[in-house]
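# Topology and contacts: notes
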Amino acid sequence: METKGNISIHAQNIMPVIKRWLYSDKDIFIREMVSNGCDAVTKYKMLQGETGEDLRVTVTVDKAAGELRFTDNGIGMTAEEVEKYINQVAFSSAEEFLKNYTGDDKGGIIGHFGLGFYSAFMAADKVTIDTLSWQEGAEPVLWESEDGMAFSMRTGGRKQRGTTITLHIFEEEKEFLDGYRVRQVLDRYCGYMAVPIYLETIGEEPPKEEDHVTGTEEEEKKEAEKPINDTHPLWLKNPKECTEEEYKETYRKLFHTFEEPLFWVHLNVDYPFNLKGILYFPRIKKDFGGQEGEIKLFNRQVFVADNIKEVIPEFLMLLKGVIDCPDLPLNVSRSFLQNDGYVKKLSAHITKKVADKLNGLFNTERKQYETYWDDIHPFVKYGCVRDQKFYDMVKDSLLLKTSAGEYLTLPEYKARNEGKTESKIYYTTEASRQAAAVALYTSRGIDVAVMDTLIDMNFMSFMEFGSGNKDIQFVRVDADVSGLTEESDEGKDIDQAQMEALFRDALNDQELTVKIEALADRGLPVMLTEEEQVRRYKEMSAIYGQDFAFPSKYTLVLNRLCPTVRALAAMEDQDTAKLLCKQLFDLARLSSRPLEAEDLKDFIARSNQLVAKLAEKA
Ligand code: ADP
Ligand code: MG
């Protein structure tokens, strides 16, 4: 024996799930009611064409009655349709409607799952539908339910085509009877919907936008007559028809700011997927650690969420903007998005567009691009580190800023410093503190790159070991002296072991390493260097908060071309020699970092002693 049938769902069981799980943000029930109203209007327009009627959705806050009402003059519903689409959960009319619709503009309908309506019960202890279908001879319908499970339905008294959904708000959700709160929710979710939306408050002044400057009474009335939304968002327009001012205005409106973006990318794809949007490059503060961008995700002009990491490549989260993508489901879980091949393609496309923009600016407006670099470089570098594909796309547009304020590409740096640097790239992490060491290089005509943001350390390691480049090596100005030496026999006879013993003794440090080199700058007696990789490792572990303090390992480099060093090597008077050793060591330390309290005191006392000696002799 065989039986066939349809699995049935008990509303009693599914309703709590819808209420709690499907929608994590309570306020989205407003979005759902308004988008149903918009759909009803859109459908009416699709069926009737342009009728010259004033089609709209009105949200009414009626505090005294404890109600929120959503009224539209769209297609309405017949009793049959209420039976079908309302009384059956998870049954949307969208699919059927589009199947029967023969026109060619199929894009505008928001509804999809047939679940949105039931979100009303997240905030209401009674919901009524008062509706009259656009169809000839249709009877008005009045539907009522207190819990979304049991309902009553009878002939209503409505005379105008359209629908009013009334939500009697329950005690705990009273905030939604406040006009300002409702305005806030509407701005967030409905600010760009395609049908004009009006907000009406009964027994309360209609709320305005926060930064609205109140004018005369006359003006205020007009203001309330304006829809709360912009039905033609800029991102849906053809980029060719958008002006610079419009882009800036949209930026200010979206992010409630007076700041100006640096530049932007207009995403406008129809195929192979539908993606519209504008990504803005904001001014980025120097240490971008705490900085967060903001990308608003829309679905057919309906706001869905902020910063959906699964859709936007993580490094683009520093940007600001909107993405409108009708093919992304409104209410799916994030783990689903993560594994979705479609989402991956979207994200790859966005990455490519951003890279194209950067390359375009670099290639055609190099000077302008350089002025942006200070703001955008953390983002670009971060992108390279995070996404090898992005690096491959933008690698020719990467710049190094030099201590002289010039901007060079890597090949330009190499070409300019050819033969002087053994193809190393010299850099400073703090141009002011390391000024002395920087000057040693710049005075020899060697460019020093400024790498002073948090991301730079990661970026340099990536360039050296992760990018597939074989010949890139970053060296801090105090890491070695290979760029500062010259061929010469002067002072070759100075004994390294003897000098090391002298300094170890004077400084009371038996670990100290001393090396003798021929540095071209004859006025420079000593320099302290710290091996690049050791220093980086130490800095990294400090950043990641490791308890173990990595010991510093410095090398004291003595310049045999400097007369002071030669005099020291030949000195008979051991007391003076030790005094000089200490002084030279402090001078070397000073050129990369300030001296600590005790050391500074000693240094000053010793300096006074030396000055006195000099005065005695004169
Ligand atoms: P969806 O919008 O995803 O289709 P909903 O649960 O929001 O699902 O709504 C279910 C159905 O109820 C809609 O498809 C539509 O047919 C009908 N409906 C809801 N609100 C209205 C309205 N204001 N005017 C006309 N029909 C409506
Ligand atoms: Mg809906």
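Now for a look at the structure at hand. Because the structure is predicted, anything quoted here is derived from the model rather than measured.

Time to look at the packing of helix H18 (residues 574–590) against helix H19 (residues 597–617). Between H18 and H19, the shortest axis-to-axis distance is 10 Å and the interhelical angle comes to 130°. Considering the angle they form, H18 stands oblique to H19. For the element pair H18 and H19, the recorded crossing hand is left-handed. Across the interface between the two elements, Thr576, Leu579, Lys582, Gln583, Asp586, Leu587, Arg589 and Leu590 of H18 pack against Asp599, Phe603, Arg606, Ser607, Gln609, Leu610 and Lys613 of H19. Of the residues contributing to the contact of H18 with H19, the split by class is 5 nonpolar, 4 polar and 6 charged.

Looking at the element boundaries, Thr78 is found in the loop between strand S2 (67–72) and helix H3 (79–86). The contact partners of Thr78, leaving out residues within four places of it in the chain, are Ser133, Gln135, Ala138 and Val141.

The parallel open sheet is built from 3 strands, whose spatial order is S16-S15-S17. Two strands bound the open sheet, and with one partner strand each, they are strand S16 (449–450) and strand S17 (474–476). Here strand S15 (residues 425–428) pairs with S17 via 3 bridges, running parallel. Within the sheet, the bridge partner assigned to Tyr426 lies in S17 and is Val475.

Among the residues making up helix H5 (residues 179–190), those that are buried are Gly179, Val182, Arg183, Val185, Leu186, Tyr189 and Cys190. Take H5 and look down its axis: the buried residues cluster within an arc of 165°, on one side only. Buried residues in H5 make contact with helix H2 (28–48), strand S1 (57–62), S2, strand S7 (197–202) and strand S11 (302–306).

Our next topic: the nonpolar core. Ranked by internal contacts, the top residues of the largest apolar core, which has 77 residues, are Phe281, Ile323, Leu358, Ile376 and Phe379. Other than its neighbours up to four places away in sequence, Leu358 contacts Phe263, Phe281, Tyr369, Ile376, Phe379, Val380, Phe390, Val394 and Ser397. Leu55, Cys242, Trp264 and Phe298 belong to the second largest nonpolar core, which has 61 residues in total.

A few words on the site of ligand 1. In the region of ligand 1, 18 residues are neighbours, and Asn36, Ser92, Ser93, His112 and Phe117 sit closest. Taking 530 Å² as the accessible area of ligand 1 by itself, protein coverage stands at 94%. Looking at the shell around ligand 1, the elements with two or more residues in it are H2 and H3. By residue number, the principal contributor to the shell around ligand 1 is H2, which donates 3 residues. Partitioning the shell around ligand 1 into residue classes produces 7 nonpolar, 9 polar and 2 charged.

Going through the model one piece at a time under the given rule, you end up with 52 salt bridges. Note that Asp27 and Arg181 form a salt bridge whose closest N and O atoms lie 3.9 Å from each other. Here Arg181 lies in helix H5 and Asp27 lies in the loop between helix H1 (11–22) and H2, a separation of 154 residues in the sequence. The exposure class assigned to Arg181 is partly exposed, which follows from its relative accessible area of 21%. In this structure, Arg416 engages Glu406 in a salt bridge whose closest nitrogen and oxygen atoms are separated by 2.9 Å.

The 5 strands lie next to each other as S8-S9-S12-S10-S11, forming an open sheet whose pairing is mixed. Across the chains shown, the open sheet's two edge strands, defined by having one partner strand only, are strand S8 (263–269) and S11. Taken over all neighbouring pairs, the strand axes of this sheet differ in orientation by 15° on average, direction set aside. Relative to strand S9 (residues 275–281), S8 runs antiparallel, the two sharing 7 bridges. When the bridges of S9 are listed, Val265 appears paired with Leu279. Along the sheet face, helix H9 (residues 341–364) touches S8, S9 and strand S12 (320–324) and points at about 135° away from the line of S8.

Time to look at the pairing of strand S10 (residues 294–299). Counting buried positions along S10 yields 5 of 6 residues, so the element is predominantly enclosed. Of the pairings in the sheet, the one linking S10 to S12 comprises 5 bridges and is parallel in character. The residue of S12 that forms the bridge with Glu294 is Lys320. Of the pairings in the sheet, the one linking S10 to S11 comprises 4 bridges and is antiparallel in character. For Asn299, the partnering residue across the bridge sits in S11 and is Val302. From the end of S10 to the start of S11, which pair antiparallel, there are 2 residues, and Arg300 there has a positive phi angle of about 50°.

Next up on the list: the packing of H9 against helix H10 (residues 366–386). Running from N to C, H9 and H10 cross one another at 145°; their axes reach a closest spacing of 8 Å. As H9 runs across H10, the sense of the crossing is left-handed. Counted together, Val354, Leu358, Leu361, Phe362 and Thr364 of H9 and Arg366, Tyr369, Tyr372, Ile376, Phe379 and Val380 of H10 form the full contact between these two elements. For the contact of H9 with H10, the per-class residue count stands at 9 nonpolar, 1 polar and 1 charged.

Right, let's talk about the packing of aromatic side chains for a bit. Considering all chains together, one arrives at 27 aromatic pairs under this definition. Between Tyr192 and Trp235, the ring centres sit 4.8 Å apart and the planes meet at 55°, which makes this aromatic pair tilted. With Tyr192 in the loop between H5 and S7 and Trp235 in the loop between helix H6 (217–225) and helix H7 (244–255), this pair connects stretches of sequence that are 43 residues apart. The interplanar angle of 35° and the centroid separation of 6.0 Å between the aromatic rings of Phe315 and Phe379 together place this pair among those described as tilted. You can see Phe315 sitting in the loop between S11 and S12 and its partner Phe379 sitting in helix H10, a full 64 residues away along the chain. You can call Phe315 buried: its relative accessible area is 2%. Through successive ring pairs, a cluster of aromatic residues spans Phe263, Phe281, Phe315, Tyr372, Phe379 and Phe390. Seen from the ring of Tyr44, Arg161 lies directly overhead, with NZ or CZ sitting 3.8 Å from the centre. The ring of Phe255 has Lys320 sitting right over it, with the charged end atom 5.3 Å from the ring centre.

Rules and cut-offs
Residues numbered from 1 in each chain as written. Chains lettered and ligands numbered in written order. Predicted model: local features only at pLDDT ≥ 70, side-chain atom pairs only at ≥ 80, totals over all residues. Heavy atoms only, no water. Axes fitted to C-alpha atoms, helices over the stretch in contact; angles between N-to-C directions. Helix = DSSP H or I, 4+ residues; strand = E, 2+ residues; numbered from the N terminus. Parallel < 35°, antiparallel > 145°, perpendicular 65-115°, else oblique. Left-handed = near helix turned anticlockwise from the far one by under 90°. Contact = heavy atoms within 4.5 Å. Nonpolar A, V, L, I, M, F, W, Y, C, P; charged D, E, K, R; others polar. Pairing = 2+ DSSP bridges. Buried < 20%, exposed > 50% of the residue type's maximum accessible area, 1.4 Å probe, protein only. Arc of directions from axis to C-beta. Core = buried A, V, L, I, M, F, W, Y, C linked by side-chain atoms within 4.5 Å. Near = heavy atom within 4 Å. Areas by Shrake-Rupley, 256 points an atom, 1.4 Å probe, with all protein chains shown as cover. Salt bridge = Lys/Arg side-chain N within 4 Å of Asp/Glu carboxyl O. Phe/Tyr/Trp six-rings, centres within 6.5 Å; stacked < 30°, edge-to-face > 60°. Lys NZ or Arg CZ within 6 Å of the ring centre and 35° of its normal.

Honestly, that's just the spatial picture; any functional story needs more than this.
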